[in-house]
Amino acid sequence: MRAMRFLTGLAILLVLGAGAFVSYAWHSAIDPIDPPSQASFDRTLVARGADLAAIGNCNVCHTAPGGQPFAGGLGIPTPFGTIYSTNITPDPETGIGRWPEAAFIRSMRKGVDREGRHLYPAFPYDHYTLVSDEDNRALYAFLMTRSAVSAAPPENELPFPFNMRMLLAGWKALYFREGPYQPDTSKTAEWNRGHYLTEGLSHCGACHTPRNRLGAEKKDEYFAGAEVENWTVYPINVNSPAPIPWEADSLTFYLRHGWHEHHGASRGSMAPVTANLGSIPEPDVRAIATYVADVMGRPSQERIARGEAALATVRKESASPLALRASSTGSGIGEAIFLSACQGCHDGRRSVPFGGLNLHLSSAVNAPNAQNIINVTLFGLPAAKGEPSAIMPAYRGVLSQDQLVALLDYMRERFSDQPAWADTRERVAATMNGEREVPIYRMDGTTQAPPETSMRTAPWP
(Lines give C-alpha, C1' and ligand atoms only; values in the text may rest on other atoms or scores of the structure.)
Protein backbone atom coordinates (compact mmCIF):
# COMPACT_ATOMS: atom_id res chain seq x y z
CA MET A 1 0.00 0.00 0.00
CA ARG A 2 2.86 2.36 0.79
CA ALA A 3 4.40 1.70 -2.66
CA MET A 4 1.03 2.26 -4.29
CA ARG A 5 0.61 5.62 -2.54
CA PHE A 6 4.10 6.63 -3.65
CA LEU A 7 3.44 5.72 -7.29
CA THR A 8 0.09 7.50 -7.20
CA GLY A 9 1.69 10.62 -5.75
CA LEU A 10 4.47 10.47 -8.35
CA ALA A 11 1.94 10.14 -11.16
CA ILE A 12 0.00 13.14 -9.85
CA LEU A 13 3.20 15.21 -9.66
CA LEU A 14 4.13 14.23 -13.22
CA VAL A 15 0.68 15.17 -14.50
CA LEU A 16 0.75 18.48 -12.65
CA GLY A 17 4.29 19.18 -13.90
CA ALA A 18 3.32 18.37 -17.48
CA GLY A 19 0.26 20.58 -17.16
CA ALA A 20 2.33 23.43 -15.77
CA PHE A 21 4.87 23.09 -18.60
CA VAL A 22 2.15 23.07 -21.26
CA SER A 23 0.57 26.12 -19.64
CA TYR A 24 3.94 27.90 -19.63
CA ALA A 25 4.78 26.84 -23.19
CA TRP A 26 1.40 27.47 -24.80
CA HIS A 27 0.72 30.69 -26.72
CA SER A 28 -2.54 31.52 -28.42
CA ALA A 29 -2.77 32.32 -32.11
CA ILE A 30 -3.22 35.93 -33.19
CA ASP A 31 -6.08 36.36 -35.65
CA PRO A 32 -5.01 36.92 -39.27
CA ILE A 33 -5.82 40.15 -41.09
CA ASP A 34 -6.45 41.11 -44.68
CA PRO A 35 -3.11 42.17 -46.18
CA PRO A 36 -2.78 45.96 -45.76
CA SER A 37 -2.12 48.06 -48.82
CA GLN A 38 1.41 49.34 -49.33
CA ALA A 39 0.07 52.90 -49.51
CA SER A 40 -1.10 52.63 -45.90
CA PHE A 41 2.49 52.70 -44.61
CA ASP A 42 4.34 55.95 -44.01
CA ARG A 43 7.25 56.32 -46.44
CA THR A 44 9.59 57.66 -43.78
CA LEU A 45 8.85 54.63 -41.61
CA VAL A 46 9.50 52.30 -44.54
CA ALA A 47 12.82 54.00 -45.29
CA ARG A 48 13.90 53.61 -41.67
CA GLY A 49 12.82 49.98 -41.80
CA ALA A 50 15.04 49.45 -44.83
CA ASP A 51 18.07 50.62 -42.83
CA LEU A 52 17.10 48.41 -39.90
CA ALA A 53 16.65 45.37 -42.14
CA ALA A 54 20.14 45.97 -43.52
CA ILE A 55 21.55 46.23 -40.00
CA GLY A 56 19.82 42.95 -39.15
CA ASN A 57 20.98 41.22 -42.36
CA CYS A 58 17.42 39.99 -42.87
CA ASN A 59 18.03 39.40 -46.58
CA VAL A 60 20.95 37.06 -45.89
CA CYS A 61 19.07 34.32 -44.04
CA HIS A 62 15.69 34.86 -45.68
CA THR A 63 16.89 34.54 -49.28
CA ALA A 64 17.81 31.18 -50.79
CA PRO A 65 20.58 31.02 -53.44
CA GLY A 66 18.91 32.01 -56.70
CA GLY A 67 15.68 32.85 -54.90
CA GLN A 68 13.74 36.08 -54.49
CA PRO A 69 14.75 38.47 -51.69
CA PHE A 70 13.08 37.73 -48.34
CA ALA A 71 11.19 34.73 -49.78
CA GLY A 72 12.98 32.27 -47.48
CA GLY A 73 14.05 28.72 -48.21
CA LEU A 74 17.69 29.01 -47.18
CA GLY A 75 18.89 25.88 -45.43
CA ILE A 76 20.62 26.76 -42.15
CA PRO A 77 22.74 23.87 -40.87
CA THR A 78 22.75 23.32 -37.12
CA PRO A 79 24.13 20.50 -34.93
CA PHE A 80 20.53 19.29 -34.63
CA GLY A 81 19.59 19.27 -38.33
CA THR A 82 18.74 21.74 -41.08
CA ILE A 83 16.29 24.58 -40.51
CA TYR A 84 14.86 26.42 -43.50
CA SER A 85 14.23 30.14 -43.29
CA THR A 86 10.68 31.40 -43.68
CA ASN A 87 9.11 33.62 -46.30
CA ILE A 88 8.84 37.13 -44.84
CA THR A 89 7.39 38.82 -47.92
CA PRO A 90 3.75 40.01 -47.68
CA ASP A 91 2.42 37.01 -49.61
CA PRO A 92 -0.88 36.15 -47.84
CA GLU A 93 -0.53 32.37 -48.11
CA THR A 94 3.17 31.53 -47.78
CA GLY A 95 4.52 34.75 -46.26
CA ILE A 96 3.50 37.18 -43.53
CA GLY A 97 0.86 39.06 -45.51
CA ARG A 98 -1.86 38.16 -42.99
CA TRP A 99 0.26 38.91 -39.94
CA PRO A 100 -0.87 41.94 -37.95
CA GLU A 101 1.84 44.17 -36.53
CA ALA A 102 1.30 42.66 -33.07
CA ALA A 103 2.17 39.19 -34.38
CA PHE A 104 5.37 40.48 -35.96
CA ILE A 105 6.43 42.22 -32.75
CA ARG A 106 5.68 39.07 -30.74
CA SER A 107 7.88 37.00 -33.03
CA MET A 108 10.73 39.45 -32.50
CA ARG A 109 10.19 39.93 -28.78
CA LYS A 110 9.21 36.40 -27.71
CA GLY A 111 10.21 34.04 -30.54
CA VAL A 112 6.60 32.94 -31.19
CA ASP A 113 4.91 33.07 -34.60
CA ARG A 114 1.39 34.24 -35.43
CA GLU A 115 -0.05 30.75 -34.98
CA GLY A 116 1.44 30.55 -31.47
CA ARG A 117 4.29 28.16 -32.34
CA HIS A 118 7.72 28.57 -30.79
CA LEU A 119 10.41 29.61 -33.27
CA TYR A 120 13.77 27.91 -33.43
CA PRO A 121 16.62 30.13 -32.21
CA ALA A 122 18.23 29.91 -35.64
CA PHE A 123 16.03 33.00 -35.85
CA PRO A 124 18.02 35.01 -33.29
CA TYR A 125 15.15 36.30 -31.17
CA ASP A 126 17.45 36.07 -28.16
CA HIS A 127 18.97 39.22 -29.73
CA TYR A 128 15.91 40.63 -31.49
CA THR A 129 14.03 40.74 -28.20
CA LEU A 130 16.04 43.88 -27.43
CA VAL A 131 14.60 45.76 -30.43
CA SER A 132 12.26 48.61 -29.53
CA ASP A 133 8.61 48.60 -30.55
CA GLU A 134 9.29 51.69 -32.65
CA ASP A 135 12.01 49.93 -34.64
CA ASN A 136 9.87 46.79 -34.96
CA ARG A 137 7.09 48.89 -36.46
CA ALA A 138 9.54 50.29 -39.01
CA LEU A 139 10.76 46.79 -39.89
CA TYR A 140 7.18 45.61 -40.27
CA ALA A 141 6.37 48.53 -42.57
CA PHE A 142 9.43 47.76 -44.70
CA LEU A 143 8.70 44.04 -45.04
CA MET A 144 5.00 44.57 -45.77
CA THR A 145 5.90 46.87 -48.67
CA ARG A 146 8.18 44.36 -50.40
CA SER A 147 7.04 42.40 -53.45
CA ALA A 148 4.86 39.48 -52.39
CA VAL A 149 6.43 36.18 -53.42
CA SER A 150 4.58 32.88 -53.28
CA ALA A 151 7.21 30.48 -51.99
CA ALA A 152 6.80 27.87 -49.27
CA PRO A 153 10.09 26.80 -47.66
CA PRO A 154 10.97 23.10 -47.43
CA GLU A 155 10.12 21.27 -44.23
CA ASN A 156 12.79 21.45 -41.57
CA GLU A 157 15.03 18.39 -41.44
CA LEU A 158 15.09 17.77 -37.72
CA PRO A 159 14.96 14.34 -36.06
CA PHE A 160 12.89 13.54 -32.99
CA PRO A 161 12.75 15.15 -30.43
CA PHE A 162 14.16 18.34 -31.98
CA ASN A 163 11.15 18.57 -34.30
CA MET A 164 8.87 19.14 -31.28
CA ARG A 165 8.52 22.91 -31.02
CA MET A 166 6.96 22.73 -27.57
CA LEU A 167 10.36 21.69 -26.16
CA LEU A 168 11.73 25.08 -27.20
CA ALA A 169 9.90 26.52 -24.21
CA GLY A 170 12.37 24.60 -22.03
CA TRP A 171 15.30 26.05 -24.01
CA LYS A 172 13.86 29.51 -23.52
CA ALA A 173 13.48 28.95 -19.79
CA LEU A 174 17.18 28.12 -19.61
CA TYR A 175 18.69 30.67 -21.98
CA PHE A 176 16.20 33.29 -23.18
CA ARG A 177 15.71 36.58 -21.38
CA GLU A 178 13.11 38.86 -22.88
CA GLY A 179 14.00 42.50 -23.66
CA PRO A 180 13.69 45.36 -24.46
CA TYR A 181 17.12 46.97 -24.30
CA GLN A 182 18.00 48.88 -21.16
CA PRO A 183 20.61 51.61 -21.68
CA ASP A 184 23.66 52.01 -19.46
CA THR A 185 23.39 55.52 -18.05
CA SER A 186 27.12 55.58 -17.25
CA LYS A 187 27.98 55.38 -20.96
CA THR A 188 27.65 57.85 -23.82
CA ALA A 189 24.66 57.98 -26.15
CA GLU A 190 26.83 56.71 -29.02
CA TRP A 191 28.06 53.74 -26.95
CA ASN A 192 24.49 52.86 -25.97
CA ARG A 193 23.34 53.14 -29.57
CA GLY A 194 26.17 50.83 -30.61
CA HIS A 195 25.39 48.37 -27.82
CA TYR A 196 21.71 48.34 -28.77
CA LEU A 197 22.45 47.69 -32.45
CA THR A 198 25.28 45.21 -31.87
CA GLU A 199 23.40 43.10 -29.35
CA GLY A 200 20.00 43.61 -30.96
CA LEU A 201 19.40 43.69 -34.69
CA SER A 202 23.02 43.12 -35.74
CA HIS A 203 23.15 40.06 -33.44
CA CYS A 204 26.95 40.02 -33.73
CA GLY A 205 27.26 37.59 -30.85
CA ALA A 206 25.28 34.99 -32.81
CA CYS A 207 28.41 34.36 -34.86
CA HIS A 208 31.23 35.82 -32.77
CA THR A 209 30.35 34.02 -29.50
CA PRO A 210 30.80 30.23 -29.17
CA ARG A 211 27.81 28.06 -28.30
CA ASN A 212 27.19 25.23 -25.86
CA ARG A 213 25.80 21.78 -26.70
CA LEU A 214 22.24 23.05 -26.67
CA GLY A 215 22.99 25.83 -29.14
CA ALA A 216 22.95 28.73 -26.69
CA GLU A 217 25.68 31.36 -26.64
CA LYS A 218 28.31 30.98 -23.93
CA LYS A 219 27.86 34.29 -22.19
CA ASP A 220 31.13 33.86 -20.27
CA GLU A 221 32.97 33.70 -23.63
CA TYR A 222 31.47 36.84 -25.10
CA PHE A 223 32.82 37.64 -28.58
CA ALA A 224 35.48 34.92 -28.19
CA GLY A 225 35.03 33.66 -31.77
CA ALA A 226 33.50 30.52 -33.24
CA GLU A 227 33.16 28.54 -36.47
CA VAL A 228 30.21 29.29 -38.76
CA GLU A 229 29.63 27.56 -42.10
CA ASN A 230 33.20 26.22 -41.90
CA TRP A 231 34.60 29.74 -41.70
CA THR A 232 36.44 30.79 -38.57
CA VAL A 233 34.72 33.79 -37.02
CA TYR A 234 37.48 35.67 -35.24
CA PRO A 235 37.31 36.91 -31.67
CA ILE A 236 36.36 40.56 -31.47
CA ASN A 237 37.48 40.97 -27.90
CA VAL A 238 40.93 41.23 -26.37
CA ASN A 239 41.92 38.00 -28.17
CA SER A 240 41.52 39.40 -31.69
CA PRO A 241 44.24 37.89 -33.91
CA ALA A 242 44.60 41.08 -35.99
CA PRO A 243 48.29 42.07 -36.12
CA ILE A 244 47.29 45.76 -36.13
CA PRO A 245 44.90 46.39 -33.23
CA TRP A 246 41.43 47.47 -34.25
CA GLU A 247 40.08 50.81 -33.08
CA ALA A 248 36.83 52.67 -33.68
CA ASP A 249 37.97 54.49 -36.85
CA SER A 250 39.35 51.40 -38.59
CA LEU A 251 36.29 49.35 -37.60
CA THR A 252 33.97 52.05 -38.94
CA PHE A 253 35.78 52.15 -42.28
CA TYR A 254 35.91 48.34 -42.56
CA LEU A 255 32.23 47.88 -41.74
CA ARG A 256 31.17 50.55 -44.22
CA HIS A 257 33.46 49.57 -47.10
CA GLY A 258 34.21 45.88 -46.60
CA TRP A 259 37.96 46.42 -46.40
CA HIS A 260 40.68 48.32 -44.61
CA GLU A 261 44.26 48.92 -45.67
CA HIS A 262 45.64 47.30 -42.50
CA HIS A 263 43.12 44.47 -42.25
CA GLY A 264 42.23 43.38 -45.77
CA ALA A 265 38.84 42.56 -47.29
CA SER A 266 35.82 40.95 -45.65
CA ARG A 267 35.14 37.40 -46.71
CA GLY A 268 32.99 34.41 -45.87
CA SER A 269 29.85 35.17 -43.92
CA MET A 270 31.25 38.62 -43.04
CA ALA A 271 30.96 39.77 -46.67
CA PRO A 272 27.14 40.11 -46.57
CA VAL A 273 27.41 41.97 -43.26
CA THR A 274 29.71 44.69 -44.61
CA ALA A 275 27.72 44.84 -47.86
CA ASN A 276 24.58 45.63 -45.86
CA LEU A 277 26.24 48.03 -43.43
CA GLY A 278 27.64 49.99 -46.35
CA SER A 279 24.10 51.07 -47.21
CA ILE A 280 23.06 52.54 -43.86
CA PRO A 281 23.76 55.95 -42.28
CA GLU A 282 27.34 56.32 -41.06
CA PRO A 283 26.40 57.30 -37.48
CA ASP A 284 24.84 53.87 -36.93
CA VAL A 285 27.97 52.12 -38.22
CA ARG A 286 30.22 54.31 -36.10
CA ALA A 287 28.11 53.55 -33.04
CA ILE A 288 28.55 49.81 -33.61
CA ALA A 289 32.30 50.32 -34.09
CA THR A 290 32.53 52.42 -30.93
CA TYR A 291 30.89 49.70 -28.85
CA VAL A 292 32.93 46.83 -30.35
CA ALA A 293 36.18 48.77 -29.95
CA ASP A 294 35.30 49.28 -26.29
CA VAL A 295 34.72 45.54 -25.85
CA MET A 296 38.12 44.87 -27.42
CA GLY A 297 39.68 47.24 -24.93
CA ARG A 298 42.73 49.41 -25.17
CA PRO A 299 45.61 47.36 -26.65
CA SER A 300 48.66 46.76 -24.49
CA GLN A 301 51.94 48.50 -25.25
CA GLU A 302 53.32 45.13 -26.37
CA ARG A 303 50.44 44.71 -28.80
CA ILE A 304 50.94 48.24 -30.16
CA ALA A 305 54.68 47.63 -30.57
CA ARG A 306 54.03 44.39 -32.48
CA GLY A 307 51.67 46.20 -34.82
CA GLU A 308 54.18 48.97 -35.45
CA ALA A 309 56.88 46.37 -36.15
CA ALA A 310 54.57 44.64 -38.65
CA LEU A 311 53.93 47.94 -40.45
CA ALA A 312 57.67 48.68 -40.54
CA THR A 313 58.30 45.27 -42.10
CA VAL A 314 55.59 45.88 -44.69
CA ARG A 315 57.16 49.21 -45.69
CA LYS A 316 60.58 47.61 -45.96
CA GLU A 317 59.33 44.73 -48.08
CA SER A 318 57.29 47.06 -50.29
CA ALA A 319 60.53 48.81 -51.22
CA SER A 320 62.14 45.44 -52.10
CA PRO A 321 59.19 43.14 -52.84
CA LEU A 322 61.25 40.16 -53.98
CA ALA A 323 63.46 40.04 -50.90
CA LEU A 324 62.46 36.78 -49.23
CA ARG A 325 63.98 35.34 -46.09
CA ALA A 326 65.26 31.79 -46.23
CA SER A 327 62.55 29.16 -46.00
CA SER A 328 62.42 26.90 -42.97
CA THR A 329 60.31 24.25 -44.69
CA GLY A 330 63.32 22.32 -45.96
CA SER A 331 62.22 21.59 -49.53
CA GLY A 332 61.28 25.22 -50.29
CA ILE A 333 58.12 24.11 -52.12
CA GLY A 334 55.90 26.48 -50.17
CA GLU A 335 58.25 29.38 -50.79
CA ALA A 336 58.41 28.63 -54.51
CA ILE A 337 54.61 28.48 -54.79
CA PHE A 338 54.22 31.71 -52.88
CA LEU A 339 56.75 33.52 -55.05
CA SER A 340 55.12 32.37 -58.28
CA ALA A 341 51.42 32.50 -57.36
CA CYS A 342 51.00 34.93 -54.44
CA GLN A 343 53.86 37.42 -54.24
CA GLY A 344 52.78 39.45 -57.26
CA CYS A 345 49.59 40.62 -55.53
CA HIS A 346 50.62 40.42 -51.88
CA ASP A 347 53.90 42.33 -52.06
CA GLY A 348 52.29 45.50 -50.75
CA ARG A 349 52.91 47.72 -53.78
CA ARG A 350 49.20 48.00 -54.64
CA SER A 351 46.87 49.07 -51.87
CA VAL A 352 43.85 47.13 -50.68
CA PRO A 353 41.22 46.42 -51.98
CA PHE A 354 42.60 46.20 -55.52
CA GLY A 355 45.90 44.80 -54.37
CA GLY A 356 46.52 41.94 -51.99
CA LEU A 357 47.10 42.62 -48.30
CA ASN A 358 50.68 42.13 -47.21
CA LEU A 359 50.32 38.97 -45.15
CA HIS A 360 52.27 40.37 -42.21
CA LEU A 361 48.98 42.21 -41.56
CA SER A 362 46.69 39.23 -42.16
CA SER A 363 44.41 37.99 -39.40
CA ALA A 364 43.97 34.75 -41.36
CA VAL A 365 47.69 33.98 -41.29
CA ASN A 366 47.89 34.91 -37.60
CA ALA A 367 44.69 33.09 -36.58
CA PRO A 368 44.59 30.03 -34.29
CA ASN A 369 43.83 27.75 -37.26
CA ALA A 370 44.28 27.82 -41.03
CA GLN A 371 40.64 27.38 -42.09
CA ASN A 372 40.02 30.84 -43.51
CA ILE A 373 43.26 31.00 -45.47
CA ILE A 374 42.47 27.50 -46.81
CA ASN A 375 39.03 28.67 -47.95
CA VAL A 376 40.33 31.83 -49.59
CA THR A 377 43.19 30.01 -51.33
CA LEU A 378 40.94 27.27 -52.71
CA PHE A 379 37.88 29.35 -53.63
CA GLY A 380 39.30 32.85 -54.01
CA LEU A 381 37.36 36.07 -53.50
CA PRO A 382 34.74 36.38 -56.27
CA ALA A 383 34.20 39.95 -57.40
CA ALA A 384 31.01 41.89 -56.79
CA LYS A 385 28.49 42.08 -59.61
CA GLY A 386 28.79 45.19 -61.78
CA GLU A 387 31.04 47.24 -59.52
CA PRO A 388 34.75 47.50 -58.73
CA SER A 389 35.77 45.33 -55.81
CA ALA A 390 38.48 43.16 -54.37
CA ILE A 391 39.06 39.91 -56.23
CA MET A 392 41.31 36.90 -55.87
CA PRO A 393 41.59 33.86 -58.15
CA ALA A 394 40.69 30.41 -56.86
CA TYR A 395 43.41 27.75 -56.74
CA ARG A 396 41.17 24.72 -56.45
CA GLY A 397 42.28 22.17 -59.01
CA VAL A 398 45.69 23.87 -59.26
CA LEU A 399 47.36 22.90 -56.01
CA SER A 400 47.57 19.40 -54.61
CA GLN A 401 47.00 18.75 -50.93
CA ASP A 402 50.74 18.50 -50.31
CA GLN A 403 51.42 21.73 -52.21
CA LEU A 404 48.69 23.64 -50.34
CA VAL A 405 49.94 22.41 -46.98
CA ALA A 406 53.49 23.45 -47.89
CA LEU A 407 52.26 26.89 -48.97
CA LEU A 408 50.29 27.38 -45.76
CA ASP A 409 53.18 26.25 -43.58
CA TYR A 410 55.45 28.69 -45.37
CA MET A 411 53.04 31.62 -45.01
CA ARG A 412 52.57 30.91 -41.31
CA GLU A 413 56.33 30.71 -40.73
CA ARG A 414 57.21 33.78 -42.78
CA PHE A 415 54.40 36.20 -41.95
CA SER A 416 53.54 35.32 -38.35
CA ASP A 417 55.33 35.05 -35.03
CA GLN A 418 52.75 32.48 -33.87
CA PRO A 419 53.52 28.74 -33.51
CA ALA A 420 52.89 26.40 -36.44
CA TRP A 421 49.30 25.24 -36.96
CA ALA A 422 48.71 21.75 -35.59
CA ASP A 423 45.89 20.49 -37.84
CA THR A 424 46.53 22.10 -41.23
CA ARG A 425 46.72 18.85 -43.19
CA GLU A 426 43.46 17.55 -41.70
CA ARG A 427 41.64 20.80 -42.50
CA VAL A 428 43.02 20.89 -46.05
CA ALA A 429 41.93 17.30 -46.71
CA ALA A 430 38.45 17.83 -45.24
CA THR A 431 37.90 21.01 -47.28
CA MET A 432 39.20 19.51 -50.51
CA ASN A 433 37.10 16.35 -50.26
CA GLY A 434 33.93 18.25 -49.35
CA GLU A 435 33.61 17.05 -45.77
CA ARG A 436 33.80 20.72 -44.84
CA GLU A 437 31.22 22.41 -47.09
CA VAL A 438 32.16 26.05 -47.54
CA PRO A 439 29.72 28.69 -48.86
CA ILE A 440 31.46 31.33 -50.95
CA TYR A 441 30.31 34.94 -50.99
CA ARG A 442 31.05 37.64 -53.53
CA MET A 443 32.35 40.93 -52.24
CA ASP A 444 28.85 42.43 -52.53
CA GLY A 445 27.61 39.77 -50.11
CA THR A 446 25.72 37.59 -52.59
CA THR A 447 26.33 33.86 -52.46
CA GLN A 448 28.48 32.06 -54.98
CA ALA A 449 28.64 28.39 -54.13
CA PRO A 450 31.48 26.16 -55.36
CA PRO A 451 30.98 24.98 -58.95
CA GLU A 452 28.95 21.93 -59.93
CA THR A 453 32.13 19.86 -59.96
CA SER A 454 32.02 20.12 -56.20
CA MET A 455 34.73 19.41 -53.71
CA ARG A 456 33.32 15.91 -53.20
CA THR A 457 33.74 14.89 -56.81
CA ALA A 458 36.74 16.92 -57.96
CA PRO A 459 39.74 14.68 -58.74
CA TRP A 460 42.09 16.06 -56.11
CA PRO A 461 45.58 14.55 -56.16
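Please refer to the structure higher up on the page.
Everything quoted here is computed from the prediction, not taken from an experiment.

**Q** Account for the pattern of salt bridges, naming residues and giving values.
**A** Inspection of every chain in the model, using the stated rule, returns 18 salt bridges. One salt bridge connects R48 with D51, and the closest N-O pair in it is separated by 3.9 Å. Of this pair, R48 and D51 both sit in helix α2 (residues 43-55), separated by three residues, roughly a single helical turn. R48 gets classed as partly exposed once you look at its relative accessible area, which sits at 23%. For the salt bridge of R427 with E227, the shortest nitrogen-to-oxygen distance reads 3.1 Å. Taken together, the residues R427 in helix α18 (residues 424-432) and E227 in strand β3 (residues 226-228) connect sequence positions 200 residues apart. Look at R427 and you get buried, because its relative accessible area is 9%. Within this structure, R48, D51, R193 and D284 form a network of salt bridges that share partners.

**Q** Hey, could you go over the packing of helix α16 (residues 371-379) against α18 for me, with residue numbers and the actual values?
**A** Closest axis-to-axis distance for the α16/α18 pair is 10 Å, and the angle between their directions is 40°. Classified by the angle between their axes, α16 and α18 sit oblique to one another. Judged by the twist between their axes, the crossing of α16 over α18 is right-handed. Counted together, Q371, I374, N375, L378 and F379 of α16 and T424, R427, V428, T431 and M432 of α18 form the full contact between these two elements. Considered class by class, the residues forming the contact of α16 with α18 number five nonpolar, four polar and one charged.

Scoring rules and cut-offs
- Residues numbered from 1 in each chain as written.
- Predicted model: local features only at pLDDT ≥ 70, side-chain atom pairs only at ≥ 80, totals over all residues.
- Heavy atoms only, no water.
- Salt bridge = Lys/Arg side-chain N within 4 Å of Asp/Glu carboxyl O.
- Helix = DSSP H or I, 4+ residues; strand = E, 2+ residues; numbered from the N terminus.
- Buried < 20%, exposed > 50% of the residue type's maximum accessible area, 1.4 Å probe, protein only.
- Axes fitted to C-alpha atoms, helices over the stretch in contact; angles between N-to-C directions.
- Parallel < 35°, antiparallel > 145°, perpendicular 65-115°, else oblique.
- Left-handed = near helix turned anticlockwise from the far one by under 90°.
- Contact = heavy atoms within 4.5 Å.
- Nonpolar A, V, L, I, M, F, W, Y, C, P; charged D, E, K, R; others polar.

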